[in-house]
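Take a look at the letters that make up each chain.
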Protein chains: 2
Amino acid sequence: MRQRRRGSVQRVTMSDVARVAEVSPMTVSRALNQPDAVRPELRERVQEAVRKTGYIHDRIASALASHRSGMIAVILPTIASSMFSDSVRGISEVARARGAQIVLAETNYSVMEEEAAVAALLGRRPDGFIVIGTIQSERTRSQLVRAAVPVVETWDTTEEPVDSLIAFSNRDAAQAMTEALADLGYQRIAFAGVANGDRRARLREEGYRAGLTARALHAPQVVYVEDLTSMRSGALVADMVTALAPQPDALFCLNDVLAAGALLALQRKGLRVPDALGVAGFGGFDFAEHLVPSLTTVDVPRYAIGHEAACVLMDRIEGLADAHKISRTEFQICLRESTRDIIL
Amino acid sequence: MRQRRRGSVQRVTMSDVARVAEVSPMTVSRALNQPDAVRPELRERVQEAVRKTGYIHDRIASALASHRSGMIAVILPTIASSMFSDSVRGISEVARARGAQIVLAETNYSVMEEEAAVAALLGRRPDGFIVIGTIQSERTRSQLVRAAVPVVETWDTTEEPVDSLIAFSNRDAAQAMTEALADLGYQRIAFAGVANGDRRARLREEGYRAGLTARALHAPQVVYVEDLTSMRSGALVADMVTALAPQPDALFCLNDVLAAGALLALQRKGLRVPDALGVAGFGGFDFAEHLVPSLTTVDVPRYAIGHEAACVLMDRIEGLADAHKISRTEFQICLRESTRDIIL
DNA sequence: ACCAATAATGGTAGCGCTACCATATAACGA
DNA sequence: TCGTTATATGGTAGCGCTACCATTATTGGT
């Protein structure tokens, strides 16, 4: 007799369950996947047999046979930002409710790593992809199209989404904030961004520049940091901005982490916010409204984006929705204590 | 001829690649999985054929045949806390380097959801599990043991880990902080925890109580909130603590989010920290050292825990490490401006 | 009472890959 | 020179499940 394959542990299979329940393997499969297609009595017997044998339904074999893996791939820049982790929570909630699991890959804001992540996850044959951000690489885009897998991009707009999109315009949002600051009476608004940023970062900076133009203000004053995810960078921003000439009266940061870091560093320097310098962020993080002074920010429905993305994706997967659906989500300018109405 | 199965798209398989490269499918498999076992010339030809055909290695079929899925399951309370998302980053980094992918499930601090999550992920036949926290459910524990899958628990100690453990003692850490506060001269130290908390929460509270006893201080004064992940809860803590009689002179919070929320709420009430009330947190979050005043906290190597856990797990999976390895990681008491030396 | 339509089960043939063994070829020593 | 061992490739038989069809039991209409 043939030797047992290496690594193969004696495993309870569907046939074992079938034998115990005295039905065919097919009936076990049905009882598990479409309970309504099996007479209640047999269903019971199968469930009982599953319990007795400690059977675990092998979703790997199931995926191979059915071409449905029940996994959704999530691609994001980094998990260590409440920006995106809140969206992942939204995805996770929907996935759990609808019996799917999440496979995760981080890109560290790099297009190359995005390519690698998508390529690696495609081999898992996920039922769909959710991308935090839009697909940047042309090669990746065509891979996804060729694989004919549903894709939901999020957190940005784009002219040509791969498939579906949960969109808000980072550019418009940043412009709206810049104009809101101008409308409060701020005359010199500086911007803190990242060098070599991703598309969202570039678009926010563009929005800032457009806002200045729209309000016929001064030439842009931009400072750059390397790392956009740490408060320490925000402290660097504070240093750089206070050294600018002419001295800005407001600072608009790429995100709330930088803004909070800057705000706190300014406090530490003894500069009062908003009297010495108005500060605004982007993202609507939890801590923004709790800081003293509370932080003016662009609030973005982070959780809702993930939730909606997952719903759209699951509907696509189950054939309930059409491709190329574009949903808009709304950002909201939240003016708080870190900026004030100068005109009053 | 038999109809094509529903859902089956014309897909490039290993046989197609083999035909193009003019080798056998087995050689393609080897060229992909153990390149050194194939002559360089053939390897080249296979790689060329892969490129030409746009072949994507199907890891589902591979997993079924080889009993190695290349996935690691990560179970955590919630992704929306930098506590755990930093650890996930550490895991993700190692996974990427070693060619594995991460499947994620959240438990929302609930034992029932932990059971459900493990059960669901077991069906994916992951090569191993990383649990943020220790396994709470006896049923889940025995499921994992029966499945003979490597497990690394983290973020806590336990008498009997399922398998391996990356440990630090929440109890000892909380006790150490309580004693450190006592040593600064604080006389009445209150604690903010969660009602119906998980094991870590309970242990931290225990540590607090033990610390009071060790320093022969007053009876414990504990306030509880429902939600431990929001700053708003921290603000509630501030309200509750200022209403306590006798009035505490220090507040030790279950985590840094609560502590930061409390600290900022106290500022907003016009109470000065640390003069009116010392505040300490737990977790060593990024923002703790940037707050004004900076937050005294128990620093925990969040990223390193994830990184180490993933390394241990991968070694276990690849047979390089033994089971039941227990690594200790160190916490660190960081005394900062939110507490001060009263004795001086 | 008989046939058509419906519902519930079972049998079979893969899904796409890799473990295992068999085979062929090269390298090597005596 | 001839076996003898190492090295490289190929063939085959599954991994555990489900799509598809065949079969049987049940229902309903006339």
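Everything numeric in this text was worked out from a predicted model, so none of it was measured.

Describing the protein's contact with DNA strand C
Move 1: The immediate surroundings of DNA strand C are formed by 31 residues, with Thr27(A), Met14(B), Ser29(B), Asn33(B) and Tyr55(B) found nearest.
Move 2: Among all atoms of DNA strand C positioned within 4 Å of the protein, those belonging to sugar or phosphate total 66%.
Move 3: The separation between a base oxygen of DNA strand C and a polar main-chain atom of Ala65(A) is 3.4 Å.
Move 4: Elements that contribute at least two residues to the surface near DNA strand C include exactly α2 (25-33) and α4 (59-66) of chain A together with α2 (25-33) and α4 (59-66) of chain B.
Move 5: Top contributing element to the surface near DNA strand C by residue count: α4(B), with five residues.
Move 6: In terms of residue class, the surface near DNA strand C is built from 12 nonpolar, 10 polar and nine charged.

Description of helix α7 (residues 138-147) of chain B
Residue and element names in this part refer to chain B.
Move 1: Every buried residue of α7 is listed here: Thr 140, Arg 141 and Leu 144. Looking down the long axis of α7, one finds its buried residues gathered within 105 degrees of arc, a one-sided arrangement. Exposed residues on α7 whose side chains face more than 90 degrees from its buried face are Glu 138, Arg 139, Val 145 and Arg 146.
Move 2: The inward-facing, buried residues of α7 contact α6 (111-122), β3 (128-132) and β4 (151-154).
Move 3: Between the side-chain oxygen of the N-cap and the backbone nitrogen of Arg 139 there are 3.3 Å, and the N-cap of α7 in question is Ser 137.
Move 4: Immediately downstream of α7, the backbone of Ala 148 shows phi near 55 degrees, a positive value.

Digging into the interface of chain A and chain B
Move 1: The partner chain B presents 58 residues to the 58 residues of chain A that form the contact.
Move 2: In this assembly, chain A packs against chain B so that about 5,300 Å² is buried in total across both faces, 55% of it on carbon and sulfur atoms.
Move 3: Its largest share of buried area at the contact with chain B, chain A owes to Ile60(A), Arg124(A) and Arg125(A), together 15% of the area lost on that side.
Move 4: Between Glu289(A) and Arg232(B) there is a salt bridge, and its shortest N-O distance comes to 3.3 Å.
Move 5: For the interface between chain A and chain B, the tally reads 26 residue pairs in polar contact (both at pLDDT 80 or more).
Move 6: Mapped by element, the contributors of at least two residues to the side of chain A that touches chain B are α4, α5 (82-97), β2 (101-106), α6 (111-122), α10 (231-242) and α11 (256-269) of chain A.
Move 7: The element best represented in the side of chain A that touches chain B is α5(A), accounting for seven residues.
Move 8: As defined by bridge partners, β2(A) adjoins strand β2 (residues 101-106) of chain B across three bridges and the pair is classed as antiparallel. The partner of Leu104(A) across the bridge, within β2(B), is Ile102(B).

What counts, and at which threshold
Residues numbered from 1 in each chain as written. Chains lettered and ligands numbered in written order. Predicted model: local features only at pLDDT ≥ 70, side-chain atom pairs only at ≥ 80, totals over all residues. Heavy atoms only, no water. Near = heavy atom within 4 Å. Polar contact = N/O pair within 3.5 Å; in protein donor to acceptor, adjacent residues only side chain to side chain. Helix = DSSP H or I, 4+ residues; strand = E, 2+ residues; numbered from the N terminus. Nonpolar A, V, L, I, M, F, W, Y, C, P; charged D, E, K, R; others polar. Buried < 20%, exposed > 50% of the residue type's maximum accessible area, 1.4 Å probe, protein only. Arc of directions from axis to C-beta. Contact = heavy atoms within 4.5 Å. Buried area = accessible area lost by both parts, 1.4 Å probe. Salt bridge = Lys/Arg side-chain N within 4 Å of Asp/Glu carboxyl O. Pairing = 2+ DSSP bridges.

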